[in-house]
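Residue-level listing of the chains:
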Amino acid sequence: MTIFKTACILLAALPSLTSAAKADDLLIWSPAKLSDRSYKATMGFRLPAEWETSAGADIALASTKGGAPLPDSEQAMLWGRIVRTNVTPAGQSQRGARISVDTLRGSGALTLSRSRSWILSDSLDMQSSRSISVQYDAVDIKQASVTASQALKLINPWTGTSLSAGAGISNASGDFSSSVAVNQAILPNLNLDASVSNPFSPSEAGSVNLRYRLNW
């Protein structure tokens, strides 16, 4: 209940704190109104260095029309992140680690990741990423798991077309998953994408989506 009351106070102070946060690049403050009665805020700090370090909390809550909190809508997630980015004329690489702890539900995760992007040819760019995540649930220790994933993406910067493929495996279930996707930029804020999950398997599934992004 103490955490929930603190979240209410912080979210009520969004308007007054937003202007102060903009003056300091070291302060992370990202409030958002998700709907008429739900709010979320990311707050924290960052330390610029060769290895950029940041830490903070994600707090969220939602209520009914009468003002009562919705069951299981509260969020109080503590997180920390460390990242090193190397940039060259031909590409960019990044290594990092992130830890998160759900203070309300007793779960946590540690993720190590590495990504790289580079110019493959005059008409193609390539991106690669890999990660390994260790997840822990204090309620049921058996739910602790390790998940590894890897992905590749080919991008044509002139047409906005990209082809990506990814795969992952978890020791909790032993399941291996894979996906293939194609994305086409139609307008600056309009994208068409098609994807297939677990191709050539009994659980194969596909989807086609038209996405429009609006910023305000």
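Residues numbered from 1 in each chain as written. Predicted model: local features only at pLDDT ≥ 70, side-chain atom pairs only at ≥ 80, totals over all residues. Heavy atoms only, no water.

## Focus: the sheet that holds strand β12 (residues 205–212)
Pairing between the strands of a sheet is mediated by backbone hydrogen bonds and can be parallel or antiparallel. With antiparallel pairing, 12 strands are arranged side by side in an open sheet as β1-β2-β3-β4-β5-β6-β7-β8-β9-β10-β11-β12. Two strands bound the open sheet, and with one partner strand each, they are β1 (27–35) and β12. Sheet twist, expressed as the average angle between the axes of neighbouring strands with direction ignored, equals 15 degrees. The sheet contact formed by strand β7 (residues 125–137) and strand β8 (residues 145–156) spans 11 bridges and is antiparallel. Across the sheet, the residue bridging to Arg 130 is Gln 150, located in β8. (Pairing = 2+ DSSP bridges. Helix = DSSP H or I, 4+ residues; strand = E, 2+ residues; numbered from the N terminus. Axes fitted to C-alpha atoms, helices over the stretch in contact; angles between N-to-C directions.)

## A look at the pattern of salt bridges
Per the counting criterion, the structure on display carries 3 salt bridges. Between Asp 193 and Arg 211 there is a salt bridge; the shortest N-O distance is 2.8 Å. With Asp 193 in strand β11 (residues 190–197) and Arg 211 in strand β12, this residue pair connects regions lying 18 residues apart in the sequence. Arg 211 gets classed as partly exposed once you look at its relative accessible area, which sits at 48%. (Salt bridge = Lys/Arg side-chain N within 4 Å of Asp/Glu carboxyl O. Buried < 20%, exposed > 50% of the residue type's maximum accessible area, 1.4 Å probe, protein only.)

## Some points on the confidence of the model for the chain
Across the chain, the average pLDDT comes to 83, with 84% of residues at 70 or higher. Within the chain, strand β5 (residues 91–102) carries the highest mean pLDDT (95), whereas helix α2 (residues 14–21) carries the lowest (43). With pLDDT under 50 throughout, residues 1–23 is counted as low confidence; its partners more than four residues away or in other chains account for 24 contacts. (pLDDT = per-residue confidence, 0-100. Contact = heavy atoms within 4.5 Å.)

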